[in-house]
Amino acid sequence: MSNGRRDRIAEPWGTRTPYAKGGQWPKRVDMFLADELEPENVDRWVQSASVLHSNGDGLDIAVKDGRIVGVRGRDDDRVNHGRLDPKDFYGWQANASPDRLRTPMIRVNGELTECDWDTAMDQVVRHSKRLLDRYGPSAFGFYTSGQLFLEEYYTLGVIAHGAIGTNHVDGNTRLCTATAAEALKESFGCDGQPGSYTEVDHADVIALYGHNVAETQTVLWMRILDRLAGPDPPAILCVDPRRTPVAEHATVHLAPLPGTNVALMNGLLHEIVLNGWVDTDYVRTHAVGFEELRKRVAEFPPERAAEICGVSADDIRSAARLLGTAERLLSTVLQGFYQSHQASAAAVQVNNIHILRGMLGQPGCGLLQMNGQPTAENTRECGADGDLAGFRNWSNDSHIRELADLWNLDMMQIPHYAPPTHVMQMLRYAEQGTLRLLWVSATNPAVSLPELRRIRSILSQQRLFLVVQDIFPTETTELADVVLPAATWAEKTGTFTNTDRTVHLSEKAVDPPGQARPDLDIFLDYARRMGFRDRDGNPLPSWTDPESAFTAWQRCSAGRPCDYTGLSYDKLRGSRGIQWPCNAENPEGTERLYSDGRFWADPDYCEAYGKDLITGAPLEPTEYRAMNPHGKAIIKAAEYLPPHETPNDDYPFALITGRTVYQFHTRTKTGRVPELAAAAPEVWVEVSEADARRVGIQEGDLADIETPRGRVRAKARITGIRTGVLFLPFHYGYWDTEAAECDRAANELTLTDWDPVSKQPIFKTAAARLAVASTGAESS
Ligand SMILES: Nc1nc2c(c(=O)[nH]1)N[C@H]1C(S)=C(S)[C@@H](COP(=O)(O)OP(=O)(O)OC[C@H]3O[C@@H](n4cnc5c(=O)[nH]c(N)nc54)[C@H](O)[C@@H]3O)O[C@H]1N2
Ligand SMILES: Nc1nc2c(c(=O)[nH]1)N[C@H]1C(S)=C(S)[C@@H](COP(=O)(O)OP(=O)(O)OC[C@H]3O[C@@H](n4cnc5c(=O)[nH]c(N)nc54)[C@H](O)[C@@H]3O)O[C@H]1N2
Ligand SMILES: [Mo]
């Protein structure tokens, strides 16, 4: 059963434990302890879950002498059955890194200077009060994360939307899952993953759209690999321009040109409709909008889609046959759709396949519009990004009134003149000078946002007061006016929810370093010092610690789709992970949504009235009511439009960016872990054999990749990527390099552009050129 201490760098997915369709996924307990320790020498095991991706793997943290000494997968957790991702296996070591932020800092004569909490917070509060007096709430912007805890997001949301009353609140979830949320709202009227990971146990076809699950949710991939190794393996459809590990296991691999997903989806839907693979009873009873889709996809015979996407028409037909004849279809979607051109329009077409086939809410028939970050679901449901708490609808006054009642505020105090401002627009306001205080928590925008030269210039402006709350010095803390040192995972208690709605409790295992404090304490301290009050003069927020924040959130979630009222810290302690909604009707949680063909799409209940998939223009409440009076699923068609920046004579390649299995984001954690840092120490560029030959590049040569925004130097890797496409990992910033070296952050090259519907920036479609900088022999 135990996979013990195998080298998880060489074997990211560990050993196989095959199982059959409909069977139980066997347990396999992964464990890593430092210093050759034996489990019996560990003082305490503290319950938690993984934080370096969205899979939500249950794990225990090993503590000895007040230090973290390792981790062990929880064998009874519903998500991972004991397994761990390689990043989680080794990543906890970053917590004890010698360069953790331990002391607050303020800028004195241009230099960040250590100080105490009173001095730092006084400065933030003095500045805030001045801005509030002079310019009002809209001078404030909050930019948070998908990596804090539920309690922290709810608190931040109440402070920002309620106590201050600014609409400028977003998370790095905008870069990550804005399109997942949007696609669910467009098709089902509300956020919330219909499916469950257990669909893997039952599916006969698994389709992965722009989702390199093998490297980005390794434990889910282990589950798929174990099905593939057992009897009755599922067929795999992979849609990705690269030959990823998923593609290597695919029955059909479609490698479309970046930015052409909508054309491909329309081609697939064309075949599904033409061959009569539609469950017409289901569609008639449970959905609206089919006629428009039928007309739209009739324009996309496989030959036309094939030409646009640069794939073979026969492969489109084979893929459509898999989808159309599947008895139990599981689909997952991630950044190859969300960060590409026409993101929402493409993601919605995957939902359409499930609605047309009536494959929702049954074992093996599931849909996961994936999350990326460990706690992104909570940012959305708690309203710390572009959403309002409890999936409430900003353009439904009765929903705003509910929030006003919960927070005991006047309804007009909560901005609802427009959806919350998305981060790219917040930056534009900062550029123009109307947004004057930006509070960044648990994200590193100086590496992760597009077109970095512009981002750096905005964040370093004199007139913008920049507060950065992090656990390490980063490219963003460098630019801050005030730096607040935070405690992190294992050093604080809180809950979080993974992609398939599983809620875990993560308990404090050790003390934070130096003066670092939990993010929750920092937000609450700010509120107290600002003297925020509700209508009756009581402190707002009224809670004081994680558990009381959780209780407040439960009240806010009551009766909404993400209902937490049946949960408690006690119930989560020792649990296998519990899926929301969890309430009086579903005391043990809910495995699948929409099993009864009823949706959260009723006009009075839904989270959003939807948008035009091409322009992003929001529908009026009356339009929505007319279109979907009975709250059915919504089938939405979309025309294909070419990407805004396409390869041309000067920039002949399509540039995409993404991830490797060994690194997490801007590497603030994984870059500080010896095993992971060594496994992928430097930036590289992936290029096809034909392109490498044409440009005269060999494996290991240094190459220059250039777009109109900048130039990056990277080592060439010749791979199975489709010809005409280049891939750069986006993990590599500058905190661990010398200033004089060449640029290496992928986002030096990306463009300022976003999906008009979800406002998610486009990180996966740009035009680039490629040249040899020096040959491997010179550079080594
Ligand atoms: N190891 C590791 N795991 C992680 C993370 C990490 O940093 N490292 N981050 C977590 C987070 S926050 C996220 S959001 C997820 C992201 O997880 P994924 O979405 O799986 O990862 P990416 O590498 O960003 O993109 C997936 C694939 O999209 C493909 N692609 C690019 N352009 C297109 C296109 O136009 N069409 C199609 N069909 N495909 C395209 C790329 O070739 C790539 O293989 O991973 C999570 N897990
Ligand atoms: N070109 C390109 N760009 C991309 C992407 C891409 O595929 N290509 N992907 C996008 C996606 S999907 C994502 S999610 C973003 C990720 O982008 P970021 O959010 O910028 O990435 P991270 O490096 O995870 O930054 C998190 C920061 O929070 C800090 N931190 C960690 N834990 C805590 C905590 O408990 N409290 C506090 N206060 N701080 C903490 C970390 O040290 C780190 O500095 O990047 C996006 N940018
Ligand atoms: Mo993400």
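Sequence order sets the numbering: in each chain, residues are counted from 1 along the sequence as written. Chains and ligands are labelled sequentially in the order written, the chains with letters from A and the ligands with numbers from 1. Totals for whole chains, interfaces and linings use all residues, but because this is a predicted model, local features are given only for residues with pLDDT of at least 70 and pairs of side-chain atoms are given and counted only at 80 or more. As a rule here, side-chain values cover all heavy atoms of the structure and leave hydrogens and water aside.

1. Topic: the site of ligand 2
Throughout, near means a residue has at least one heavy atom within 4 Å of the molecule or strand. Contacts to ligand 2 come from 34 residues, most closely from N172, S448, D470, T666 and N747. Q339 is positioned such that a nitrogen or oxygen atom in its side chain is 3.0 Å from an oxygen atom of ligand 2. Within the contact set of ligand 2, an oxygen atom lies 2.7 Å away from a backbone nitrogen or oxygen of N444. Contact with the protein chains hides 99% of the accessible area of ligand 2, taken as 920 Å² for the molecule alone. By the criterion applied in these results, polar contacts are pairs of N or O atoms within 3.5 Å in which, for protein atoms, one can donate a hydrogen and the other can accept it, and in which residues neighboring in sequence qualify only through two side-chain atoms. Each accessible area is a Shrake-Rupley result for a 1.4 Å probe, and residues are judged covered by the shown protein chains and nothing else.

2. Some points on the sheet that holds strand β19 (residues 494–497)
Overall, antiparallel pairing links the three strands, which are arranged β19-β20-β21 in an open sheet. Two strands in the sheet have a free side with no partner beyond their single neighbour: β19 and β21 (578–579). Two strands are counted as paired when DSSP detects at least two bridges linking them. Strands here mean DSSP runs of E at least two residues long; helices mean DSSP runs of H or I at least four residues long; both are numbered from the N terminus.

3. Section: the sheet that holds strand β14 (residues 329–333)
Strand order in the open sheet formed by five strands is β12-β11-β10-β14-β15, with parallel pairing between adjacent strands. Whereas interior strands pair on both sides, the edge strands pair on one side only; in this sheet they are β12 (252–254) and β15 (366–369). Each adjacent strand pair in this sheet contributes to an overall mean axis angle of 10°, direction not counted. As defined by bridge partners, β14 adjoins β15 across four bridges and the pair is classed as parallel. Along β15, the bridge assignment pairs V333 with Q369. To obtain each axis, a line is fitted to C-alpha atoms, and for helices this fit is confined to the stretch in contact; angles are then taken between N-to-C directions over 0 to 180 degrees.

4. Regarding the nonpolar core
As a rule of thumb, nonpolar side chains are buried together in soluble globular proteins. Side-chain atoms within 4.5 Å link the members of a nonpolar core, which is a set of buried Ala, Val, Leu, Ile, Met, Phe, Trp, Tyr and Cys residues. Any residue under 20% of the maximum accessible area for its type is buried, any over 50% is exposed, and the rest in between are partly exposed; the area is computed with a 1.4 Å probe on protein chains only. Judged by nonpolar contacts, the single largest core of 217 residues is most densely connected at Y209 and Y526. Of the residues forming this core, the biggest block, nine residues, is contributed by helix α3 (residues 150–164). We call two residues in contact when some of their heavy atoms are within 4.5 Å. What Y526 contacts, discounting residues up to four positions off in sequence, is M121, V124, V125, S128, F140, I159, I164, W439 and F532. With 24 residues, the next largest nonpolar core counts V423, M426, A480 and A745 among its residues.

5. Observations concerning helix α22 (residues 546–557)
In this scheme, a helix's expected span is set at 1.5 Å multiplied by one less than its residue total. Taking 1.5 Å per residue, 12 residues should reach 16 Å; α22 reaches 16 Å between its end C-alpha atoms and fits that length. When α22 is considered as a whole, its buried residues turn out to be A549, F550, A552, W553, Q554, C556 and S557. Buried residues along α22 sit against α3, α16 (376–382), α17 (397–407), β19 and α23 (569–572). Following α22 by one or two positions, G559 adopts a phi angle in the positive range, close to 80°.

6. Side note on the packing of α3 against α22
Packed helices, taken two at a time, are described by their axes: the angle between them and the distance between them. Running from amino to carboxyl end, α3 crosses α22 at an angle of 65°, the nearest separation of the two axes being 9 Å. The angle between the axes of α3 and α22 places the two elements in the roughly perpendicular class. Note on packing geometry: the crossing formed by α3 with α22 is left-handed. Across the interface between the two elements, L150, E151, Y154 and T155 from α3 touch P546, A549, F550, A552, W553 and C556 from α22. Side-chain classes follow a simple rule in which Ala, Val, Leu, Ile, Met, Phe, Trp, Tyr, Cys and Pro form the nonpolar group, Asp, Glu, Lys and Arg form the charged group, and the remainder, Gly included, forms the polar group. Here the residues of the contact of α3 with α22 are counted per class, giving eight nonpolar, one polar and one charged. Under this scheme an angle from 65 to 115 degrees is roughly perpendicular, one under 35 degrees roughly parallel, and one over 145 degrees roughly antiparallel; angles in between are oblique. What makes a crossing left-handed is the near helix being turned counterclockwise from the far one by less than a right angle; a clockwise turn instead makes it right-handed.

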